[in-house]
Amino acid sequence: MSSLPLLPDFEARPKLVGIARLAAAGESLREGHNVEYFTLGTRSLLSRVVSGRNLPFTWAINPYRGCEFACKYCYARYTHEFMELREGVDFERKIFVKQHAAELLRQELRKVKRGEEIAIGTATDPYQPAERRFEVTRAILEELARHSGFEIGIVTKSNLVTRDAEILRRVGEHNRIFVNVTVTTVDTELARKIEPRAPRPDLRLEAVRQLNLAGVDAGVICAPVLPEITDRPRDLEALVKAASEAGAKYIFANPLFLKPCSAAVFLPFLEEHFPSLVDRYRTHYADRAFLPKGYGQRLSHLIAAFRKKYGIGDEHARSSRRVHTEVAQMELF
């Protein structure tokens, strides 16, 4: 039997080190529609988070590298650059499947101290289409179900997460676990443009409903909010209302975070679908990845007002000192 081919992009590249070398040694598993899958040997599954963004978790687990959902704004595209894959679309077309994930996790969990949260899916969706075949996320959850005392958060855009409702419930028996389902808009046509291969918004909201009915705490992340595309108050209110009707335990929102590697994909998308916004985005993301602090504050106040109106709690927003009940059109830049 002939051996499986190596990733061709790496064949002529000398002196690869670290993750790039491991990726180059990956074997082809199969091909899908404009997507290739490769094995990825790894020495560690649990990564300590080092960031200046004041993130609420200490450890991250990403069962895959790359994500098929092809969200135009995705900030995680830079992770493929570590493997010397520098074309923006490589992130969504070359998916690496981490091997022996559960075994690695079993050895590494001793590093996690009480009170330190583990986030699953910070740089790749753990329930992207690859999960149907390879079940790396499922194996990780099965391992976590054998332990106790951990705080675990999952981030996904996929209703495939409901497949694991029973495992998630078992994990939650001895750990604190919640599932954050990302929904950026309830406008299906718009969602198809900005997140072309992700499940429809209504399917994601139904996943929130099903998880909570199964005894798994689930809420909604509205992130990123795209200025002048998804940030109109009536659109945000429609999303909060839909989340409430789906039984979401919480909802919160964060504005667009645009790194240069992501802008290389996102700006051409704007030129095609929202040409009148291109110059503004170029100007305000020219020398920074974040919008001004005031924009995020106005967004938080707006979401807080809608949460209050529709009766949704938000444990992530308890530090907010006051809620603005007057809802006005946010001025973008």
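Residues numbered from 1 in each chain as written. Predicted model: local features only at pLDDT ≥ 70, side-chain atom pairs only at ≥ 80, totals over all residues. Heavy atoms only, no water.

## Things to note about the nonpolar core
How we decide: Put simply, a nonpolar core is a bunch of buried Ala, Val, Leu, Ile, Met, Phe, Trp, Tyr and Cys residues held in one set by side-chain atoms that sit within 4.5 Å of each other. Relative accessible area decides the class of each residue, using a 1.4 Å probe on protein chains only: under 20% of the type maximum gives buried, over 50% gives exposed, and in between gives partly exposed.
Counting residues in hydrophobic clusters, the biggest one holds 86 residues, and the most contacted among them are Ile-140, Leu-144, Leu-168, Val-179, Phe-266, Leu-270 and Tyr-281. In terms of nonpolar packing, the next biggest core, distinct from the first, is built from five residues, Phe-178, Ile-221, Tyr-250 and Phe-252 among them.

## Some details on the pairing of strand S6 (residues 94-98)
Convention followed: Working definition: helices are DSSP H or I runs of at least four residues, strands are E runs of at least two. Numbering for both runs from the N terminus. Any two strands with at least two DSSP bridges between them are considered paired.
When you tally the buried positions in S6, you get five out of five residues, the bulk of the element. Neither face of S6 is open: one carries Lys-94, Phe-96 and Lys-98, the other Ile-95 and Val-97, and all of them are buried. As paired strands, strand S5 (residues 64-65) and S6 are joined by two bridges and run antiparallel to one another. What sits directly across from Tyr-64, in S6, is Val-97.

## Some points on unusual backbone geometry
In the segment running from Ala-223 into Pro-224, the intervening peptide bond is cis, with an omega of 0 degrees. With respect to the secondary-structure elements, Pro-224 resides in strand S10 (residues 218-225). Positive phi, normally seen in glycine, also occurs at Ala-70, with a value near 60 degrees. With respect to the helices, strands and loops of the structure, Ala-70 is situated in the loop between S5 and helix H2 (90-93). Among the residues examined, Ala-70 registers a relative accessible area of 8% and is labelled buried.

## Quick notes on the packing of aromatic side chains
We count it as follows: Stacked, tilted and edge-to-face are the three classes applied to pairs of Phe, Tyr and Trp rings, where Trp contributes its six-membered ring and a pair requires centres within 6.5 Å; stacked means planes under 30 degrees apart, edge-to-face means over 60, and tilted covers the rest.
Here the structure, examined in full by the defined rule, presents ten aromatic pairs. Aromatic pair Tyr-250 and Phe-252: ring centres 6.3 Å apart, planes at 25 degrees, arrangement stacked. Given the relative accessible area of 3%, Tyr-250 is considered buried. Here the aromatic rings of Phe-266 and Tyr-281 are separated by 5.6 Å at their centres, their planes lie at 55 degrees, and the arrangement is tilted.

## Quick word on the pairing of strand S9 (residues 176-182)
For S9, the tally of buried residues reaches six of seven residues, placing the bulk of the element in the interior. Two elements, strand S8 (residues 151-156) and S9, share six bridges in a ladder whose sense is parallel. Looking at S9, one finds that Ile-154 is bridged to Val-179.

## Focus on the side chain of Glu-108
Convention followed: Residues adjacent in sequence count toward polar contacts only when both atoms are side-chain atoms; beyond that, a polar contact is any pair of N or O atoms within 3.5 Å, and within protein one must be able to donate a hydrogen and the other to accept it. Here, two residues are considered to be in contact whenever any of their heavy atoms come within 4.5 Å of each other.
Residue placement: Glu-108 occurs in helix H3 (residues 101-108). Engagement of the side chain of Glu-108 in a polar contact is seen with the backbone nitrogen of Leu-45, the distance being 2.8 Å. Each residue touching Glu-108, except ones within four places of it in the same chain, is listed here: Ser-44, Leu-45 and Leu-46.

In short, the description is geometric, and any link to function would need to be established separately.
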